[in-house]
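What follows is the residue order along each chain.
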Amino acid sequence: MTSAESWKVVIGPTQFPNIIDHLFLWIFIPLHFIPYPVRALQFIIKYHIGKAYADKEEVEDNQTDGTYSKHWINVSKHKFFLTDYAFLFYSLLLLMGPFILGMYRLIKYQENQPGHYGNGIQKSTYIFSAILVAFISIFLWVCVYFLRNVHDEIAINTELKLIGIAWIIAVPFYVAFGIANIEKPDVIPPESPPICCIILCMVSFMISFSLPVSLATWKNPDFKLTIPEFRSVDNVLEDPNAYKMLRKFMQSNTCVEGLLFLRDTMKYKSETDPDKLHDMAHRIYEKYIFEEAPMEINIGALIRTECLKHINEISPNVFDRAIQEIKKLINQDQLPRFMQSSEMMQYIKNYKVSVIPESMV
């Protein structure tokens, strides 16, 4: 987009192919803008599914009359519609709307077709593009609102906010300058709309490719708090209060399925009734292990195959390799983050546990 609009400024709008302008409005802009809220929507759905299972576990553990969202648990069972490929398909479906409308206008208005140069964008096209951007902006800001309620510090939330602000500022100028140039070509330079696009594209590029990386990449702080009792997830699982804090933290990072899996396998290993062991093994496998499971955990194909191979054995060791893999992932990634999180600071404050610098451990 930046190259096309820069070319338009360099050679002059009167020498610029109208079809490039047309493709920019009806294909390039939606292609750049639509994936953001769709990606946010995927995150929101995954968060609510994890929260529903975590709430369900708490209700069952405490044997209370608390509530959890059965709706999201039912949604999670249709994993086929929640995969990355599924959301890619949803993005393509949304892109088809402006694409079809753009093709219709390409056929209807001859000046949009190849071989025509100059200011070929009609006033109605600018109006349609403004409506399109307004519609997508509403979608985006709704996603930002829900993401803020989920976790205010995640990178995608900040990225969406800045992208949304950039578009809200730049697109109205683009539309206003474009319409003004059509009505008063002697007053508004024809280079004004493409310059707005160039600025918008450069700002969006900087936000998309630099900001999320710096925010999403966790860095070890110079001074780390260490609770000697919580050097591994095994220790956290033994402390009900710390477990709840870690579950809340992993829930906000949409990776709570691993922790719930460890908790369920702990119950499985403590069971002595062979019939119950068999039933629990199948429930755990269907919930966490097999591909497209509602709370599918991040393990390799060989481990999945091994679990399936031994699923009918009446043994507490059926899921041992999967347990080791998940513990390794949590200990290396989520637990260090958790130790520096606001949730852990709250735990320290509430339960007055001993904290020392890691360098002294």
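Residues numbered from 1 in each chain as written. Predicted model: local features only at pLDDT ≥ 70, side-chain atom pairs only at ≥ 80, totals over all residues. Heavy atoms only, no water.

Asks: In this structure, what is going on with the overall build of the protein chain? I would like to understand it.
Replies: Counting its regular elements, the protein chain contains 16 helices and two strands. At a minimum sequence separation of 6, the contacts of the protein chain that also span at least 24 residues come to 71%. For the protein chain, the accessible area works out to roughly 19400 Å², and carbon and sulfur atoms hold 61% of it. (Helix = DSSP H or I, 4+ residues; strand = E, 2+ residues; numbered from the N terminus. Contact = heavy atoms within 4.5 Å. Areas by Shrake-Rupley, 256 points an atom, 1.4 Å probe, with all protein chains shown as cover.)

Asks: So what exactly am I meant to see when it comes to the packing of helix H12 (residues 257–270) against helix H13 (residues 274–289) here?
Replies: Between two packed helices, what matters for the description is the angle formed by their axes and the separation of those axes. At a closest axis distance of 10 Å, the pairing of H12 and H13 adopts a crossing angle of 175°. Comparing the axis directions of H12 and H13 gives the class roughly antiparallel. For the pair formed by H12 and H13, the contact residues are Glu257, Leu260, Phe261, Asp264, Thr265, Lys267 and Tyr268 on the first element and Leu277, Met280, Ala281, Ile284, Lys287, Tyr288 and Ile289 on the second. (Axes fitted to C-alpha atoms, helices over the stretch in contact; angles between N-to-C directions. Parallel < 35°, antiparallel > 145°, perpendicular 65-115°, else oblique.)

Asks: Would you take a moment to explain the nonpolar core for this structure?
Replies: In a soluble, globular protein the nonpolar side chains are often hidden away together inside. Phe261, Ile289 and Phe319 are the most contacted members of the largest nonpolar core, which has 50 residues in total. Among the domains, domain 1 (11–217) and domain 2 (228–351) are the pair contributing at least three residues each to this core. Look past the residues within four positions of Ile289 in its chain and what remains in contact with it is Phe261, Ile284, Ile297, Ile299, Arg304, Cys307, Phe319 and Ala322. (Core = buried A, V, L, I, M, F, W, Y, C linked by side-chain atoms within 4.5 Å. Buried < 20%, exposed > 50% of the residue type's maximum accessible area, 1.4 Å probe, protein only. Domains from an automatic or database assignment.)

Asks: Which parts of the structure should I look at to understand the packing of aromatic side chains?
Replies: Counted by the stated rule, this structure contains nine aromatic pairs. Through pairs of rings, three or more aromatic residues link up here, namely Phe261, Tyr268, Tyr288 and Phe319. (Phe/Tyr/Trp six-rings, centres within 6.5 Å; stacked < 30°, edge-to-face > 60°.)

Asks: So what exactly am I meant to see when it comes to the side chain of Asp239 here?
Replies: Mapped onto the elements, Asp239 comes out in the loop between helix H10 (233–238) and helix H11 (240–252). Although Asp239 is buried, it forms no salt bridge, and the closest oppositely charged side chain is Lys244 at an N-O distance of 9.1 Å. At 2.9 Å, the side chain of Asp239 and the backbone nitrogen of Asn241 are in polar contact. (Lys, Arg positive; Asp, Glu negative; His and termini not counted. Salt bridge = Lys/Arg side-chain N within 4 Å of Asp/Glu carboxyl O. Polar contact = N/O pair within 3.5 Å; in protein donor to acceptor, adjacent residues only side chain to side chain.)

Asks: I keep staring at the UniProt feature "transmembrane region" (unreviewed entry) in the protein chain and nothing clicks. Help me out?
Replies: In the numbering used here, UniProt assigns the "transmembrane region" (unreviewed entry) feature to residues 23–41, 87–107, 127–148, 160–180 and 192–215. Strand forms 0% of residues 23–41 and helix 95%; the C-alpha atoms that close the span are 27 Å apart. This span, residues 87–107, is 100% helix and 0% strand, and a straight line between its end C-alpha atoms measures 30 Å. (UniProt positions renumbered as here; feature names shortened; annotations may be inferred.)

Asks: How do you make sense of H12 when you look at a structure like this?
Replies: End to end, H12 covers 20 Å across 14 residues, agreeing with the expected 20 Å (1.5 Å per residue, within 8%). Here H12 has its buried residues at Glu257, Gly258, Leu259, Leu260, Phe261, Leu262, Asp264, Thr265 and Tyr268. Turning to H12, the residues buried within the fold contact helix H3 (35–62), H10, H11, H13 and helix H15 (320–339). (Expected span 1.5 Å × (residues − 1).)

Asks: Is there a simple way to explain the environment of Cys307 in this structure?
Replies: Among the structural elements, Cys307 can be located in helix H14 (residues 301–309). It is 9.0 Å that separates the C-alpha atoms of Cys307 and Phe290, two residues lying 17 residues apart in sequence.

Asks: Looking at this structure, I do not really get the confidence of the model for the protein chain. What am I missing?
Replies: Predicted coordinates in regions of low pLDDT should not be interpreted in detail. In the predicted model, the protein chain carries a mean pLDDT of 76, and 77% of its residues have values of at least 70. The secondary-structure element of the protein chain with the lowest mean pLDDT is helix H9 (residues 211–216), recorded at 42, while H12 shows the highest, at 92. Low confidence marks residues 211–226, where pLDDT is under 50. Its contacts with residues over four positions away, or in another chain, come to 35 contacts. Here residues 355–361 scores under 50 on pLDDT; set against residues more than four positions off or in separate chains, the count is 16 contacts. (pLDDT = per-residue confidence, 0-100.)

Asks: What exactly am I supposed to notice about the pattern of salt bridges here?
Replies: On inspection of all chains with the given rule, the structure shows 10 salt bridges. Between Lys51 and Asp55 there is a salt bridge whose closest N-O contact spans 2.9 Å. You can see Lys51 and its partner Asp55 sitting in helix H3, four residues apart, about one turn around the helix. Of the charged contacts in the structure, one is a salt bridge between Lys269 and Asp320, with a shortest N-O distance of 2.7 Å. Here the residue Lys269 occupies a position in helix H12, and Asp320 occupies one in helix H15, the gap between them amounting to 51 residues. When its relative accessible area of 36% is taken as the criterion, Lys269 is described as partly exposed. A network of salt bridges, in which partner residues are shared, links Glu57, Glu58 and Arg247.

Asks: When you look at the environment of Leu23 in this model, what are you seeing that I'm missing?
Replies: Within the secondary structure, Leu23 sits in helix H2 (residues 18–33). Considering only alpha carbons, one finds Leu23 and Met103, 80 residues apart in sequence, at a separation of 9.1 Å.

Asks: Help me out: how do you make sense of the side chain of Thr254 in this one?
Replies: Tracing the backbone shows Thr254 in the loop between H11 and H12. Filtering out sequence-adjacent residues up to four positions away, Thr254 remains in contact with Phe43, Lys46 and Tyr47.

Asks: Is there a simple way to explain a nonpolar patch on the surface in this structure?
Replies: Taken together, the side chains of Trp141, Leu162, Ile165, Ile168, Ile169 and Phe173 make up a nonpolar region of the molecular surface, amounting to roughly 530 Å² of accessible area. It is helix H7 (residues 155–183) that contributes the most residues to the nonpolar patch, five residues altogether. Along the chain, Ile169 turns up in helix H7. (Patch = residues over 30% accessible without salt bridge, like charges linked within 9 Å, V, L, I, M, F, W, Y side chains within 5 Å.)

Asks: Is there a simple way to think about the packing of H14 against H15 in this case?
Replies: Between H14 and H15, the shortest axis-to-axis distance is 8 Å and the interhelical angle comes to 145°. Between H14 and H15, the residues in contact are Ile303, Glu306 and Cys307 and Arg321, Ala322 and Glu325, respectively. Along the lines of polarity and charge, the residues of the contact of H14 with H15 split into three nonpolar, no polar and three charged. (Nonpolar A, V, L, I, M, F, W, Y, C, P; charged D, E, K, R; others polar.)

Asks: What is the right way to look at the environment of Arg247 in this model?
Replies: Looking at where Arg247 falls in the secondary structure, it is placed in helix H11. On the basis of relative accessibility, which here comes to 6%, the residue Arg247 falls in the buried class. A polar contact is formed between the side chain of Arg247 and the side chain of Glu57, at a distance of 2.7 Å.

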